[in-house]
Amino acid sequence: MLISSPPSRANLQFRRGFSLVEIAVVLVIIAILATAIGVPLASQLDQQRTLDTQKQLEVAREAIYGFAMANGRLPCPAAAATTGVEAPVGGGACTTAFGFLPATTLGLTGLDPSGYMVDPWNNGDGTHRIRYAVSTANSNALTTADGIKTQTMDTVTVTNQLYVCGSGLTAAPPTANCGTMTVLNDKAPFVIYSLGKSTAQNSNDETNNQNSDRVFTSGTPTATFDDLVTWGSLNTLFSRMVQAGKLP
């Protein structure tokens, strides 16, 4: 019967060293795989959040039209400390024309603890709340009960509504109109928007959406512009209100 001799110290050291090399190789492979998988997953997650935000904005737009059909006016924006309720309650001259979506007033769901609608990038610091701006044209006709009747539809459609422009602003805002940018809408009664993943002002286009004037920017997301913007139509607003019997 053959009896094998115990492994020498050299063999043990070799085996131990080889095992460490194997572990190191495995760890490197795991790191490479994690990077290769993680980057596309992060990109896919951002794409899904973008789609979810666009759906939020569409739901909000329909809720605003519904509010107008029920109340004969548009809601005012919510201010920073109004728990998602329009300010003032009942409309008229809004406390601020450029604030947050009055999600509580609109009866929307999926709100943060303070009553504001937030986009999917929300981190709890309040910067990812959905924004809302409304036209103050014609003595606040759009936010005042029977204001459109008083000012008449023909007068309200003429001037001083909100502008929505294509991206590509070369000069620092404020701007009075779209200038050389593409005019997407020059009579928008309201605008709803998210600041996207980055809430910083990384470009003139992003600054344009945060400077509280009548001109907004909407465009394809880039490295320096990731705001998501939608807006209302005066024609749609009036037709919905006529349908509901709020306008003649």
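To be clear, the structure that these remarks concern was listed above.
Bear in mind that the values here come from a model prediction, so they are computed numbers and not experimental data. (Residues numbered from 1 in each chain as written. Predicted model: local features only at pLDDT ≥ 70, side-chain atom pairs only at ≥ 80, totals over all residues. Heavy atoms only, no water.)

Caption draft 1: Spatial organisation of the sheet that holds strand β4 (residues 183–188). In space, the 3 strands of this open sheet follow the order β4-β3-β6, with mixed pairing throughout. The open sheet is flanked by β4 and β6 (215–218), the only strands paired with a single partner. When strand polarity is set aside, the average angle formed by the axes of neighbouring strands in this sheet is 20 degrees. The sheet contact formed by strand β3 (residues 162–166) and β4 spans 3 bridges and is antiparallel. Bridged to Val164 within β4 is Asn185. (Pairing = 2+ DSSP bridges. Helix = DSSP H or I, 4+ residues; strand = E, 2+ residues; numbered from the N terminus. Axes fitted to C-alpha atoms, helices over the stretch in contact; angles between N-to-C directions.)

Caption draft 2: Just the packing of aromatic side chains, in detail. On inspection of all chains with the given rule, the structure shows 5 aromatic pairs. Centre to centre, the rings of Tyr65 and Phe190 are 5.7 Å apart; their planes meet at 70 degrees, and the pair counts as edge-to-face. Residue Tyr65 is located in helix α1 (residues 9–71), and its partner Phe190 is located in strand β5 (residues 190–194); the two are separated by 125 residues in the primary sequence. The exposure class assigned to Tyr65 is buried, which follows from its relative accessible area of 4%. Taking relative accessible area as the criterion, Phe190 reaches 0% and is therefore assigned buried. (Phe/Tyr/Trp six-rings, centres within 6.5 Å; stacked < 30°, edge-to-face > 60°. Buried < 20%, exposed > 50% of the residue type's maximum accessible area, 1.4 Å probe, protein only.)

Caption draft 3: Inspection of the pattern of salt bridges at higher detail. Under the defined criterion, the tally for this structure stands at 6 salt bridges. Notably, a salt bridge pairs Glu62 with Arg240, separated by 3.3 Å at the nearest N-O pair. In this pair, Glu62 is assigned in helix α1 and Arg240 in helix α7 (residues 234–243), connecting sequence segments 178 residues apart. We note a salt bridge from Arg129 to Asp112, for which the minimum N-O separation is 3.3 Å. Placement of the pair is Arg129 in the loop between α2 (103–106) and β2 (131–134) and Asp112 in the loop between α2 and β2, with a sequence separation of 17 residues. (Salt bridge = Lys/Arg side-chain N within 4 Å of Asp/Glu carboxyl O.)

Caption draft 4: Quick look at the environment of Gln151. Within the fold, Gln151 resides in helix α4 (residues 147–151). For Gln151, a relative accessible area of 26% translates into the label partly exposed. Remark: the alpha-carbon pair of Gln151 and Ser139, spanning 12 residues in sequence, is separated by 8.4 Å. With near-sequence residues (within four places) excluded, Gln151 lies in contact with Asn138, Ser139, Ala141 and Val156. (Contact = heavy atoms within 4.5 Å.)

Caption draft 5: Quick peek at the state of the cysteines. For the structure on display, the rule yields 2 disulfides. Paired through a disulfide, Cys165 and Cys178 show a sulfur-sulfur distance of 2.0 Å. Between Cys165 and Cys178 the disulfide shows an S-S torsion of about -85 degrees. By sign, it is left-handed. Residue Cys165 is found in strand β3, and its partner Cys178 is found in the loop between β3 and β4; the two are separated by 13 residues along the sequence. Classification of Cys165 as buried rests on a relative accessible area of 0%. Disulfide partners in the protein chain, listed by the sequence order of the bonded cysteines, are 1-2, 3-4. (Disulfide = S-S within 2.5 Å.)

Caption draft 6: Representation of unusual backbone geometry in the model. The residue after Ala87, namely Pro88, is reached through a cis peptide bond having omega 0 degrees. Mapped onto the elements, Pro88 comes out in the loop between α1 and β1 (98–100). With an omega of 15 degrees, the peptide bond running from Pro173 to Pro174 counts as cis. Assignment of secondary structure puts Pro174 in the loop between β3 and β4. Its identity as a non-glycine residue notwithstanding, Ser139 has a phi of 55 degrees, on the positive side. Tracing the backbone through its elements, the reader meets Ser139 in helix α3 (residues 137–140). Although it is not a glycine, Ser212 sits at a positive phi angle of roughly 60 degrees. Structurally, the position occupied by Ser212 is in the loop between α6 (204–208) and β6.

Caption draft 7: Quick peek at the nonpolar core. Counting 31 residues, the largest nonpolar core has Ile64, Leu74, Leu101, Leu108, Tyr132, Ile192 and Leu237 as its most contacted members. Sorting the residues of this core by element identifies α1, α2, β2, β5 and α7 as the ones contributing at least two each. Look past the residues within four positions of Leu108 in its chain and what remains in contact with it is Val59, Ala60, Ala63, Leu101, Ala103 and Met117. With 9 residues, the next largest nonpolar core counts Ala133, Leu162, Val164 and Val229 among its residues. (Core = buried A, V, L, I, M, F, W, Y, C linked by side-chain atoms within 4.5 Å.)

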